[in-house]
Amino acid sequence: MAHTASWVNGTTSEPSTLTIEERNRLVDIAVQMTAKRVPVVAATGSQSLLETRKLTEHAARAGADSLLIVTPYYIKPPQRGLVAYYLELASISDLPWMVYHIPGRTAVGVTLDTFKELKAKSPTSLA
């Protein structure tokens, strides 16, 4: 049996061109339309911690099943900054979450040591 999920606000939907309200609405629609038949993975990352926090809080309240959080793009945080960023976002809910690692788009790579630290410090990390 194939495993499927509904992925919403990933880079194929170009979320950087949408408002927070539009992205939240897409999560709402995905949760409603799937009606728990398949898990909803909500991509909630952005270049801003505040915006990512709002998107993540909404996805958790709306009923998403897990989170896909991109590294903050354009600003090139150090690895310790990425750890702090992801751990703060992970503290918002008990939802499982993943690092959306696309260094070609975000201009920052996540090292293996950072992935290991995140996995060790966050019980809901799927990193």
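Note that the structure is predicted; figures quoted are calculated from it, not measured.

**Topic: the overall build of the chain**
Within the chain, the secondary structure is distributed over five helices and four strands. Scanning the chain from its N terminus toward the C terminus, one meets helices and strands in the order β-α-β-α-β-α-β-α-α. Here the C-alpha radius of gyration of the chain, 14 Å, is about what a compact globule of 127 residues would show, namely 14 Å. If you line up the chain on its principal axes, its C-alpha atoms span 40 × 30 × 25 Å. Put simply, of all contacts in the chain between residues at least 6 apart along the chain, 71% involve residues at least 24 apart. A total accessible area of about 7,100 Å² is found for the chain, and carbon and sulfur atoms account for 58% of it. Measuring between centres, the 13 positive side-chain charges of the chain sit 3 Å from its 11 negative side-chain charges.

**Re the sheet that holds strand β4 (residues 97-100)**
Read from one edge to the other, the open sheet built from four strands follows the order β1-β2-β3-β4, with strand pairing classed as parallel. Edge positions in the open sheet fall to β1 (6-8) and β4, since each of these has one partner strand only. On average, each strand axis in the sheet is inclined to that of its neighbour by 20°, with strand direction left out of account. As paired elements, strand β2 (residues 40-43) and strand β3 (residues 66-70) share three bridges and run parallel to each other. Bridge pairing in β3 links V41 to S66.

**Some thoughts on the side chain of S46**
Mapped onto the elements of the fold, S46 is located in the loop between β2 and α2 (49-62). Among the polar contacts made by the side chain of S46, one reaches the main-chain carbonyl oxygen of S48 at a distance of 3.1 Å. Contact partners of S46, with chain neighbours within four places excluded, come to R23, E51, T52, V70, T71, P72, Y73 and Y85.

**So, the packing of aromatic side chains**
This structure, assessed with the given rule, holds three aromatic pairs. Between Y73 and Y74, the aromatic rings sit 5.1 Å apart at their centres with planes inclined by 80°, giving edge-to-face as the arrangement. With a relative accessible area of 67%, Y74 lands in the exposed category. Members of the aromatic cluster, joined through ring pairs, are Y85, Y86 and W97.

**A closer look at the side chain of S122**
As for its position among the elements, S122 is in the segment after α5 (112-121). Once residues within four sequence positions are removed from consideration, S122 is found in contact with L87, A90 and W97.

**Regarding the nonpolar core**
In terms of nonpolar packing, the biggest core is built from 22 residues, with A42, L67, I69, Y86 and W97 touching the most fellow members. Contributions of two or more residues to this core are made by α1 (20-34), β2, β3, α3 (79-90) and β4. Ranked by the residues each element gives to this core, the list is headed by α3, at six residues. The residues touching A42, leaving out its near neighbours within four places in the chain, are V8, V27, A59, A64, S66, L67 and L68.

**Quick word on the layout of surface pockets**
In this model, the largest pocket occupies a volume close to 310 Å³. In this structure, the largest pocket is lined by 18 residues; those nearest its centre are T11, S16, Y73, I102 and R105. Those elements that provide at least two residues to the lining of the largest pocket are β3 and α4 (103-106). Considered class by class, the residues forming the lining of the largest pocket number eight nonpolar, seven polar and three charged.

Conventions used here
- Throughout this description, residue numbers start from 1 for each chain and increase along the sequence as written.
- Only residues with pLDDT of at least 70 are given local features in this predicted model, and only at 80 or more are side-chain atom pairs given and counted; all residues enter the totals for whole chains, interfaces and linings.
- Note that water and hydrogens are dropped before the side-chain values are worked out from all heavy atoms of the structure.
- Helix numbering and strand numbering both begin at the N terminus, where a helix is a DSSP run of H or I of at least 4 residues and a strand a DSSP run of E of at least 2.
- Only the C-alpha atoms count toward the radius of gyration. The rule for a globule is 2.2 Å times the residue count to the power 0.38.
- Pairs of residues are marked as contacts when any of their non-hydrogen atoms sit within 4.5 Å.
- Using the Shrake-Rupley algorithm and a 1.4 Å probe, accessible areas are obtained, with residue cover drawn only from the displayed protein chains.
- Charge counting follows a simple rule: Lys and Arg are positive, Asp and Glu are negative, and His as well as the terminal groups are ignored.
- In plain terms, the charge of a residue is placed at NZ if it is Lys, CZ if Arg, CG if Asp and CD if Glu.
- Strands were regarded as paired on the criterion that DSSP finds at least two bridges between them.
- Helix axes are fitted to C-alpha atoms over the stretch in contact, other axes to C-alpha atoms as well, and angles between N-to-C directions run from 0 to 180 degrees.
- Pairs of N or O atoms within 3.5 Å make up the polar contacts considered here, provided that, within protein, one atom can donate a hydrogen while the other can accept it, and that residues adjacent in sequence are counted only when both atoms are side-chain atoms.
- Under the pairing criterion, centres of Phe, Tyr and Trp rings, with the six-membered ring standing for Trp, must be within 6.5 Å; the plane angle then separates stacked pairs below 30 degrees from edge-to-face pairs above 60, leaving the rest tilted.
- Exposure categories follow from relative accessible area, calculated using a 1.4 Å probe and restricted to protein chains: below 20% of the type maximum is buried, above 50% is exposed, and the middle band is partly exposed.
- For this analysis, a nonpolar core means a set of buried residues of the types Ala, Val, Leu, Ile, Met, Phe, Trp, Tyr and Cys, connected via side-chain atoms within 4.5 Å.
- Using a 1 Å grid laid over the protein atoms alone, points where a 1.4 Å probe fits but cannot get out form a cavity; open sets with protein on both sides within 12 Å along at least 5 of 7 lines form a pocket; any residue with an atom within 4 Å of a point counts as lining.
- Grid points are joined across faces, edges and corners, and a volume is the space filled by probe spheres set on the points.
- In the scheme used here, Gly and all other residues not listed as nonpolar or charged are polar, with Ala, Val, Leu, Ile, Met, Phe, Trp, Tyr, Cys and Pro taken as nonpolar and Asp, Glu, Lys and Arg as charged.

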